[in-house]
Amino acid sequence: MQLRRPALANPTAFLPAADAIIKLGAATAVMAVAFLSRDAVTPAILLAGEGIGLALTGLRARDLVRLLAPLVVVAAVIGLTNSLLVAAPAGGLEARALVGLALALRILAIAIAGVLALATTDPADLSAGLIGHLRVSPRLAVGALASLRLVPILGTEWQTIGLARRARGVDAGRNPLVAVRLWLSAVLTLLVATIRRSTRLALAMDARGFDSGVPRTLARPPRLRRSDWLLLGAAIGFALGAVAISVALGTWVFLFG
Amino acid sequence: MLLLGASGSGKSTLLTHLAGLTDDRGGGEAEGELRVLGQPPQVSRARTALVLQDPESQIVMARAGDDVAFGLENRGVPTDEIWPAVRGALDAVGWPYGPNRPTDQLSGGEQQRLALAGILALDPDLLLLDEPTASLDPDGAALLRATLERILAERPLTLVVVEHRVAEWLPLVTRIVVMAEGGGILLDGTPADVFVGHDEALARHGIWTPDHAGRRPARPVVPPAVESVIVAEQLTAQPPLADRPVFARLDLTIRTGEITALVGPNGSGKSTLARLLGGLLRPQSGEVTASEAMAPGHAGSVIWRWPARALVTRIGFVFQDPEHQFLTGRVADELALGPRRAGVAEPEAVKRASELAERLRLGGVWDANPFTLSGGEKRRLSVATALATAPRAVILDEPTFGQDRRTWDEMVSLLAGLADSGRAVVMATHDRPLVEALADRTLRLGAGT
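Predicted model only: the values in this text are computed from it and were never measured.

Asks: Even after reading the chapter, I still don't get the overall build of chain A, so can you show me in this structure?
Replies: If you tally the helices and strands in chain A, you get nine helices and zero strands. Moving toward the C terminus, one meets the helices and strands of chain A in the order α-α-α-α-α-α-α-α-α. Here the C-alpha atoms of chain A give a radius of gyration of 23 Å, more than 25% beyond the 18 Å that 2.2 N^0.38 yields for 257 residues. When the backbone C-alpha atoms are referred to their principal axes, chain A occupies close to 65 × 55 × 35 Å. When burial is assessed residue by residue, chain A has 35% of its 257 residues classed as buried. Considering only contacts within chain A whose residues lie at least 6 apart along the sequence, 79% involve residues at least 24 apart.

Laid out in structure tokens, this is it:
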């Protein structure tokens, strides 16, 4: 198991340079509309807009495909399954297909909005944004950031623990029950290793005066520029616009309607 | 000042006390009074700085500059003063990259220099270092010491450093304090005061002396039967995401009666090669096979395909971190596990376990949980478990990492004894004295070779 942070997008492109919290807000607006609209037209319009967003990520086409391909597959599978399982709608086959299509498009619109916000955001900027804009406690935001850094290290450690078991003459062979038991005991070993590592990290953070009662400053305080507000406005306007078009076409269906 | 003492004499604890980082919540007992810079240590905390042994777990941020800024942010330093201070601190440690360098792409030595920059940015009066070079390769360690030497020449700092290996640190220190096992101070004075005439007392307390390193144990002039056991052919290893292999088309034969040392800087593939030879990893290309002597009737069989219970009877493997290997809640079970897995009858398995416990001074902790042992005991236990199935070959990854002189001496004579009794021994290590004391053959790995 290899866990690695995906390579960050080109930091000077429009979306990576935008404020982390603004991006989250913009994504939330799009996600909310995709969630609340049950028709296929609204998410289709949203997806068209997200296409523009993808062009602003600064990611290479190859990385984009790698990032999005699994999402498309998952959305398609869920859509297909639902169109088969849906309780006999009036209108037969065509209606079934439409239900599945709408669901797949909605899932995709929600997922891509999330990707647009998160794949273009440095975790440190997100943490600074949480502290700077949303007044989240630094103890929480910086603590979460620091533990995020341990994730790839734990991946390597997990691998080592697996090898160490083989070296001790222990493997599951073909017995699934033994495999589960071994997996649990490896998890326990990883837990011990994690606790030891986090204790050291906490000590190192304490040694540098973390959470010592002094009001903390930010080395790179998040600054909102005009382009950030434009981005947020555009996203909200676009999300509401998608609903408006769908209503005008007479296709819009409210989730709880 | 250099602070010495055996494992468990409380050196690291003393450092955390000096840094003002202990509190009463953790349990345990503390008595007596401590004044740092004339104040209680919790008050003087802002003027002291601590660097720990493990470089990986003291980096907080994803970019080098942000990490140096972390302490300044905590101090409440205004934003426009942070970046000049960050640049100054990075310059002071001779930082070879820009401030945006991702911290997960740094070597151990670079991470330690970054940690040093992070505390220098806070302009401390007292610098506390807890085995700062223990996990570094010799070149990385030398660079860190040179950096420290320059900083000490430029700034009026007090330095307190805990290290096992003294020789390399002597040029930097003017005073040595030796902590006695079981409490108290054994010796305190200039390096000459401490080391001249006290060799025996220091050895008794498990403390390194500058000239101790590299004493070779007596070995037979003519080695016992030399047979090849593991044959590696055309091995290539390339880490994921790396653009070139760490080693390519490597041929190596491991023989009984011989001690082979794998050396090279961090990231040169020592551990990977050890794991390939130990049948733990599948090679990306090339083959590692066993000889007839290793696996009678299965000459030429591919080692990584062996089931674990066959592997454990033929190759003993010791990992750098003993805790990764522990599988049971009791030392006795830990020792008997290998023989049990290999199908040895119960009375015989227990007998072997108790013999090993006797030989490696683990009898006193027979019923203890392996995770609660001291560092030296954990190391001895992990080696003992690898020997329990009487394998033909023993492979060790950094067997002396963080060990005091007593465990080190034991390890040296144990490994020499293994080779002399007809085992093959392979060790991947940074420890130059260990290589000098034991290696019959040294394989130097370097980037791209």
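Asks: I'm lost on the confidence of the model for chain A in this one. Help?
Replies: The predicted coordinates of low-pLDDT regions are not to be read in fine detail. Averaged over all residues, the pLDDT of chain A equals 87, while 94% of them reach at least 70. Contacts for the low-pLDDT stretch residues 1–6 of chain A, under 50 throughout, to residues beyond four places or in other chains number eleven contacts.

Asks: Any chance you could explain the pairing of strand E6 (residues 185–189) of chain B here in plain terms?
Replies: Working note: regular strand, side chains alternate between the two faces of the sheet. Residue and element names in this part refer to chain B. By the bridge criterion, four bridges tie strand E5 (residues 176–179) to E6 in an arrangement that is antiparallel. In the sheet register, Val178 faces E6, and the bridge partner there is Leu187. Linking two consecutive strands that pair antiparallel, namely E5 and E6, is a turn of five residues; a positive phi of about 85° is found at Gly182 within it.

Asks: Help me understand the interface of chain B and chain A in this model?
Replies: Taken together, the contact between chain B and chain A spans 52 residues of the former and 42 residues of the latter. Of all the secondary structure elements, the ones that give two or more residues to the side of chain B that touches chain A are strand E2 (48–51), helix H3 (64–75), helix H4 (79–92), helix H5 (108–120), helix H10 (308–314) and helix H11 (331–341) of chain B. Sorting elements by how many residues they give to the side of chain B that touches chain A places H3(B) first, with eight residues. Considering only residue class, the side of chain B that touches chain A consists of 29 nonpolar, twelve polar and eleven charged.

Asks: What is the right way to read the sheet that holds E6(B) from this model?
Replies: All names here are of chain B. The sheet built from six strands is open, its strands ordered E2-E3-E4-E1-E5-E6 with mixed pairing. Two strands close off the open sheet at either side, each with one partner strand: E2 and E6. When the angles between neighbouring strand axes are averaged without regard to direction, this sheet yields 15°. In this structure, strand E1 (residues 2–5) lies alongside strand E4 (residues 158–162), joined through two bridges in parallel fashion. Bridge pairing links Leu2 to Val161 in E4.

Asks: Can you help me understand the packing of helix H2 (residues 20–36) of chain A against helix H5 (residues 92–118) of chain A in this one?
Replies: Any two packed helices are characterised by how steeply their axes cross, that is the angle between the axes, and by the distance between the axes. Residues and elements named next belong to chain A. Here H2 crosses H5 at 175°, and the two axes come no closer than 9 Å. Comparing their axes, H5 and H2 come out roughly antiparallel. On H5, the residues touching Lys23, Leu24, Ala27, Val30, Met31, Ala34 and Phe35 of H2 are Arg106, Ala109, Ile110, Ala113, Gly114, Leu116 and Ala117. Looking at the contact of H2 with H5, its residues break down into eleven nonpolar, one polar and two charged.

Asks: Even after reading the chapter, I still don't get the nonpolar core, so can you show me in this structure?
Replies: In globular proteins that are soluble, nonpolar side chains generally tend to be buried together. Membership of the largest hydrophobic core comes to 100 residues, with the highest contact counts inside it found for Val30(A), Ala109(A), Ala113(A), Ala89(B), Ala117(B) and Ala121(B). Ignoring sequence-local partners within four residues, the contact set of Val30(A) consists of Leu46(A), Ala109(A), Ala113(A), Ala235(A) and Ala239(A). Core analysis: the second largest hydrophobic core is formed by 70 residues, Ala164(A), Leu337(B), Leu373(B) and Leu415(B) among them.

Asks: Would you mind going over unusual backbone geometry with me for this structure?
Replies: Working note: non-glycine residues mostly have negative phi, and peptide bonds are mostly trans. All names here are of chain B. A positive phi angle is found at Glu131, which is not glycine, with a value near 45°. Along the chain, the position of Glu131 falls in the loop between strand E3 (126–130) and helix H6 (138–154). At Gln234, a residue that is not glycine, the phi angle is positive and equals roughly 55°. Tracing the sequence through the fold places Gln234 in strand E7 (residues 228–237). The exposure class assigned to Gln234 is exposed, which follows from the 12 C-beta atoms found within 10 Å.

What counts, and where the lines are drawn
- Residues numbered from 1 in each chain as written.
- Chains lettered and ligands numbered in written order.
- Predicted model: local features only at pLDDT ≥ 70, side-chain atom pairs only at ≥ 80, totals over all residues.
- Helix = DSSP H or I, 4+ residues; strand = E, 2+ residues; numbered from the N terminus.
- Rg over C-alpha atoms; globule rule 2.2 N^0.38 Å.
- Buried ≥ 20, exposed ≤ 12 C-beta atoms within 10 Å, placed from the backbone.
- Contact = placed C-beta atoms within 7 Å.
- pLDDT = per-residue confidence, 0-100.
- Pairing = 2+ DSSP bridges.
- Nonpolar A, V, L, I, M, F, W, Y, C, P; charged D, E, K, R; others polar.
- Axes fitted to C-alpha atoms, helices over the stretch in contact; angles between N-to-C directions.
- Parallel < 35°, antiparallel > 145°, perpendicular 65-115°, else oblique.
- Core = buried A, V, L, I, M, F, W, Y, C linked by C-beta atoms within 7 Å.

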